[in-house]
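Each chain is listed here by its residues.
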Amino acid sequence: MKQNTSLVNVSYCLDRYLNKLIDTVPVNAYIHIPFCRRRCYYCDFPVSIVGNRPSSNASTMVVEYLEALTAEIRLFSNNFHKKPLTTVFFGGGTPSILSAKQLATVITCLDKQFGIASDAEISMEIDPGTFNKEQLLGYLQAGINRLSLGVQTFDDKLLQVCGRSHSRTEVFQAIEIIRQVGVNNFSLDLISGLPYQSLSQCQDALDTAVAIGPKHLSCYDLVLEPVTAFGKQYQPGKKPLPDDETAAEMYRLTQQTLTKAEYQHYEISNYALAGYQCRHNRVYWKNLPFYGFGMGAASFINGKRFIRPRTRKEYYTWVKKGAEIDTPVISTDDWLLETLMLGLRLAEGVNISQFERPILDKIAVAMQPYIAKGWIEVKDKYSQKIALNSGNLTALNLNTETRLRLSDPEGFLFSNTILSDLFEALV
Ligand code: SF4
């Protein structure tokens, strides 16, 4: 009788790989700036609302937070073997609530504690209506070289429906400023599946984005989080939200429009012109170690995943107590699952020849129906499709690189179903 062996017993090689990963020094840092002018109705991120006050840059709240944040960076970096950072990502929240001087303080602190590589990608999320030309020039001077503009939609009515704090006009003003200061590498964020959004409005947003010509686009489907205003007000698939088929059509429309405009669909929700994939976010999808700093930020260091407190008060107390991370090292099982689930989000998929036969057998059984539907593809290292004997993964010779990937767009579209079956099979 075949034993129901724990994955950890059959994955000696994976253990060794995980140990190597634990010894790997992170070279990527996420910095959370948790301030927004108001809370968008779909957002459950850890943020503090500062309103539209022009004096907000100087507000005590922001100053206090930056003190705690830089203290955390210093405390942390003292405990680690360090290498210069190759990517830094300021996310939020709305990092452009910070003045250029405030942002420079954080970058200087990172540089002093870790060093920043001369060719590092230093990204920053910015929102329309929160910055002017002088401020943006200051950000660039501080070291920012990639911008991600939170547009979500170009339609004034939909912007209002979402509770966004900016208008369509402010989106174009923001883009004009980005162009004036000469930033070439910028990304736009869009959301589809919004309440009252029609397919033609979705197409308009895509066409407008293509006409603007960013190097990168992140196109998310609306997710109803229960704690948000949207989560309390709406039911998935019910009016005024698009039904499931219309939401799926929006996903296909996005894929068709953007790939036609030569954007590579490199991750479920992300598109980039050649050479402009987000280097920082690829670290997450490759399940590599990274630092996270700031309220609610996650990190993966020395094999430990850790999420910082999600309120400012708790975060300050944690920093004052020494910013200790006391979570256990993740198990090989968890690491394997995460590597698969995250890696399948990428168009290049996951190299399954690194897995041992018993694990592969489980993956094969769970994926069989989706291989038959064409939602999962098996490719070699040259991205050539590998024909499977009766769709059977287990018969493969795994001595050479073999990649499992979701097909585009259908596999990506049904990724939740596929990944949850994979999860069940491996847990
Ligand atoms: S601007 Fe972004 S982080 Fe802030 S509330 Fe809106 S969605 Fe959330």
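Residues numbered from 1 in each chain as written. Predicted model: local features only at pLDDT ≥ 70, side-chain atom pairs only at ≥ 80, totals over all residues. Heavy atoms only, no water.

## Digging into the state of the cysteines
By definition, a disulfide links the sulfur atoms of two cysteines through a covalent bond. Definition in use: Throughout, a disulfide means two cysteine sulfur atoms within 2.5 Å of one another. Classification of residues uses two cut-offs on accessible area relative to the type maximum, computed with a 1.4 Å probe and protein chains only: under 20% is buried, over 50% is exposed, and between them is partly exposed.
Applying the stated criterion to the full structure yields 0 disulfides. With no disulfide of its own, C202 has C219 as its nearest cysteine by sulfur position, at a separation of 8.4 Å. Among the residues examined, C202 registers a relative accessible area of 3% and is labelled buried. The structure places no disulfide on C278, whose sulfur is separated from the nearest cysteine sulfur, that of C219, by 14 Å. Residue C278 is classed as buried on the basis of its relative accessible area of 1%.

## Quick notes on the sheet that holds strand β14 (residues 350-351)
Operational definition: Pairing between two strands requires that DSSP report at least two bridges joining them. For helices the rule is a DSSP run of H or I covering at least 4 residues; for strands it is a run of E covering at least 2, with both sets numbered from the N terminus onward.
Spatially, β14-β16-β15 is the arrangement adopted by the 3 strands of the open sheet, whose pairing is antiparallel. Either end of the sheet is taken by a strand with one partner, and the two such strands are β14 and β15 (376-380).

## Some thoughts on the site of the ligand
Quick note on the threshold: By convention in these notes, a residue is near a molecule or strand provided one of its non-hydrogen atoms lies within 4 Å of it. Residue type decides the class: Asp, Glu, Lys and Arg count as charged, Ala, Val, Leu, Ile, Met, Phe, Trp, Tyr, Cys and Pro as nonpolar, and the leftover types, Gly among them, as polar.
The local shell around the ligand consists of C36, R38, R39, C40, Y42, C43, F45, G92, G93, T94, D127 and R164. The class makeup of the residues in the shell around the ligand is 5 nonpolar, 3 polar and 4 charged.

## A short note on the pattern of salt bridges
Applicable threshold: One side-chain nitrogen of Lys or Arg within 4 Å of one carboxyl oxygen of Asp or Glu is enough to make a salt bridge.
Under the definition given, this model contains 13 salt bridges. The salt bridge partner of E338 is R305, with a shortest N-O separation of 3.0 Å. Here R305 lies in strand β13 (residues 304-307) and E338 lies in helix α13 (residues 332-343), a separation of 33 residues in the sequence. It is possible to trace a salt-bridge network through shared partners that takes in E245, E249, R252 and E410.

## Points about the pairing of β13
The side chains of a regular strand alternate between the sheet's two faces. Pairing of strand β12 (residues 298-301) with β13 involves 4 bridges; the strand directions are antiparallel. Each bridged residue has a counterpart across the sheet, and for S299 the counterpart in β13 is F306. Turn length for the β12-β13 hairpin, with the two strands adjacent in sequence and antiparallel, is 2 residues, and the turn residue N302 shows positive phi of about 50 degrees.

## Focus: the packing of aromatic side chains
Going by this rule: Centres within 6.5 Å are what make two rings of Phe, Tyr or Trp a pair, Trp counting through its six-membered ring; a difference in plane orientation under 30 degrees is then read as stacked, over 60 as edge-to-face, and the rest as tilted.
Applying the stated criterion across every chain yields a total of 18 aromatic pairs. Centroid distance Y266 to W285: 6.0 Å. Interplanar angle 70 degrees. Geometry classified as edge-to-face. Taken together, the residues Y266 in strand β9 (residues 264-267) and W285 in helix α11 (residues 279-285) connect sequence positions 19 residues apart. Neither Y266 nor W285 differs from the other in exposure class; each is buried. The rings of F35, Y65, F306, Y315, Y316 and W318 are connected pair by pair, giving a single aromatic cluster.

Nothing here speaks to function; it is geometry throughout.
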